[in-house]
Amino acid sequence: LELPLEPLDPEDSRAIVVESTRSAPLRPAEVDNVVARSGGNPLFLSEIIKVIRETGQATDLPDTLDSVVSSQIDQLPPLTKQVMRFSSVLGRSFRLDVLDELLAPEGLELDQATRRDLARYIESEGRDRLRFRHAVVHDIAYQGLSYHRRQELHTRAGQVIERQAGDDPDSVAEILATHFSEGGEHEKAWRYGVVAGNRAQSIYAMTEAATQYRIAVEASRRIHTVGTDEKAQILEALGDVCETVGRYDEAERAFQETRRLLVDDLDAQGRLMSKLGLLREKAGKLSAALRWFRRGLNSVGGRPGTTESIVELSLAYGGIRYRQGRPHDTIEWCEAVLQRDDITDAQRAHALYLAVLAYATVGAPEAEAAGREGIEIYERIGDQVGLGHVLNNMGINYYY
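In this text the structure is predicted, and so the values were computed from the model without any measurement. Every chain is numbered on its own, with residues counted from 1 as its sequence reads. Only residues with pLDDT of at least 70 are given local features in this predicted model, and only at 80 or more are side-chain atom pairs given and counted; all residues enter the totals for whole chains, interfaces and linings. Based on all heavy atoms of the structure, the side-chain values leave hydrogens and waters out of the count.

Student: Kindly report on the packing of helix H15 (residues 266-282) against helix H16 (residues 286-300), identifying the contributing residues and their values.
Tutor: With their axes 7 Å apart at the nearest point, H15 and H16 run at an angle of 170° to one another. Considering the angle they form, H15 stands roughly antiparallel to H16. Mapping the contact onto sequence places Leu266, Gly270, Met273, Ser274, Leu276, Gly277, Leu278, Arg280 and Glu281 in H15 and Leu286, Ala288, Ala289, Trp292, Phe293, Arg295, Gly296, Ser299 and Val300 in H16. The angle between two axes is taken between their N-to-C directions and runs from 0 to 180 degrees, where each axis is a line fitted to C-alpha atoms and a helix contributes only its stretch in contact. Helical segments are the DSSP runs of H or I of at least four residues, strand segments are the runs of E of at least two, and each set is numbered from the N terminus. Roughly parallel refers to an angle under 35 degrees, roughly antiparallel to one over 145, roughly perpendicular to one between 65 and 115, and oblique to any angle outside these ranges. Throughout, a contact is declared for two residues whenever any of their heavy atoms are within 4.5 Å.

Student: I'd like a description of the layout of surface pockets, backed by residues and values.
Tutor: One number sums up the size of the largest pocket: a volume of about 1600 Å³. Lining the largest pocket are 43 residues, with Glu243, Leu278, Glu312, His350 and Tyr353 positioned closest to its centre. At the level of secondary structure, the elements contributing two or more residues to the lining of the largest pocket comprise helix H11 (186-202), helix H12 (206-220), helix H13 (228-244), H15, helix H17 (307-323), helix H19 (345-362), helix H20 (366-381) and helix H21 (384-399). Here the nonpolar group is Ala, Val, Leu, Ile, Met, Phe, Trp, Tyr, Cys and Pro; Asp, Glu, Lys and Arg are the charged ones; every other residue, Gly included, is treated as polar. Tallied by class, residues from the lining of the largest pocket come to 19 nonpolar, 13 polar and eleven charged. One number sums up the size of the second largest pocket: a volume of about 270 Å³. Leu90, Ser93, Ile161, Ile175 and His179 are, among the 17 residues lining the second largest pocket, the residues nearest its centre. Elements with a minimum of two residues in the lining of the second largest pocket: strand S1 (93-95), helix H8 (135-143), helix H9 (147-164) and helix H10 (173-182). In this analysis a 1.4 Å probe is tested at points of a 1 Å grid over the protein atoms alone, and where it fits but cannot get out there is a cavity; an open set with protein on both sides within 12 Å along at least five of seven lines is a pocket; lining residues have an atom within 4 Å of a point. Grid points are joined across faces, edges and corners, and a volume is the space filled by probe spheres set on the points.

Student: Lay out unusual backbone geometry in plain terms, naming residues and giving numbers.
Tutor: At tyrosine 204, a residue that is not glycine, the phi angle is positive and equals roughly 65°. Mapped onto the elements, tyrosine 204 comes out in the loop between H11 and H12. Burial here depends on accessible area, computed with a 1.4 Å probe over protein chains only, as a share of the maximum for the residue type. Under 20% is buried, over 50% is exposed, and the range in between is partly exposed. Taking the relative accessible area as the measure of exposure, tyrosine 204 reaches 39% and is therefore partly exposed.

Student: Break down the pattern of salt bridges for me, citing the residues and quoting the values.
Tutor: Salt bridge criterion: a side-chain nitrogen from Lys or Arg within 4 Å of a carboxyl oxygen from Asp or Glu. Applying the stated criterion across every chain yields a total of 36 salt bridges. One salt bridge in this structure joins aspartate 170 and arginine 191, with 2.7 Å as the shortest N-O distance. Placement of the pair is aspartate 170 in the loop between H9 and H10 and arginine 191 in helix H11, with a sequence separation of 21 residues. With a shortest N-O distance of 2.5 Å, glutamate 368 and arginine 372 are connected by a salt bridge. In this pair, glutamate 368 and arginine 372 are both assigned in helix H20, four residues apart and thus about one turn of the helix distant. Residue class for arginine 372 comes out exposed when judged on its relative accessible area of 51%. A cluster of three or more residues bridged by salt bridges with shared partners is formed by Glu123, Glu125, Arg129, Arg131 and Arg133.

Listed below in structure tokens is the structure:
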């Protein structure tokens with residue numbers, strides 16, 4: 001769920017400026033200038049007010065929040081500034097013991113004086129953690145590091161966190177994948193990216209899964225130890241999660257690249273053509289989707305070892321016919337699949353949930369039995385997404 005934050009109303013901004021400068025009131029034109037420059041951004045507004053308090057004047061104000069924060073960081077004592085920039089490598093929130101180990105090789109430490117200097121920008125988050133108060137401060141501090149320095153610190157941070165994890169580094173795979181990717185340690189970035197992506201996908205955290213799979217895919221382009229099948233598996237997984245969260249262009253690129261890797265695998269070609277057709281279906285391009293499904297069926301139809309592809313393409317084709325107002329055609333495609341004795345539980349459940357919708361539309365009594373069997377299978381195999389589909393279609397049936 002995304003909740004877009006609207007800018008402050010100009011009158012609210014003006015009231016904040018007036019109240020905050022009551023001890024040294026600004027002229028109306030100066031207040032208007034501050035309000036205009038802030039653009040309704042509460043953080044920028046508060047930082048401009050701090051500049052006015054520190055300098056005692058309201059002229060030559062910064063034009064952007066970035067320039068305010070950058071100027072403030074540049075004015076910090078050298079040790080404090082270095083500690084802040086090292087901290088930024090660890091992310092917005094980080095463990096204190098990891099920072100200590102990151103600083104140690106440089107002969108640095110986070111003493112009390114430095115913590116006081118940083119308090120305006122970094123706060124405690126429990127007993128053992130610190131966090132940047134604002135994302136923009138973190139980003140500006142990070143940008144102050146050279147590319148080479150960032151790479152070095154990310155590698156060091158990854159090594160520290162990996163060592164601290166002991167016998168279970170996979171428990172922090174998400175963090176390790178990021179650090180080793182940014183540090184240029186591509187073998188480890190691949191390994192941890194795959195682990196983290198699979199784990200996120202298993203708990204339906206699809207956006208996080210996409211992030212981790214991207215790390216793994218990018219790492220695989222830079223090493224020669226990843227086999228074609230392994231790379232294809234993660235590319236296809238990336239396409240699947242991108243499709244789930246509505247990133248259809250990225251999903252298509254991933255599926256097309258997977259097809260090029262598995263050019264001689266008929267089952268994979270059929271499965272991927274089905275997925276490419278479904279992307280067009282979701283974009284409302286039904287005729288284009290059908291062309292992909294026909295193309296897939298023509299390429300794998302009747303060939304040994306292509307049962308899975310034929311079933312998926314058949315069900316996809318039946319789904320399009322329903323959306324085109326042809327529920328009887330959908331029933332024919334679904335029943336043809338259900339009559340096969342070589343389909344998996346997941347494929348049978350898929351055919352059932354699609355059949356429920358078509359049966360309900362034409363008023364056929366078979367909808368009830370099909371739906372109940374579909375629910376039983378999805379519950380047994382633990383497919384929450386499929387269960388949601390069949391329950392939704394049963395709801396439509398009961399409505400009718």
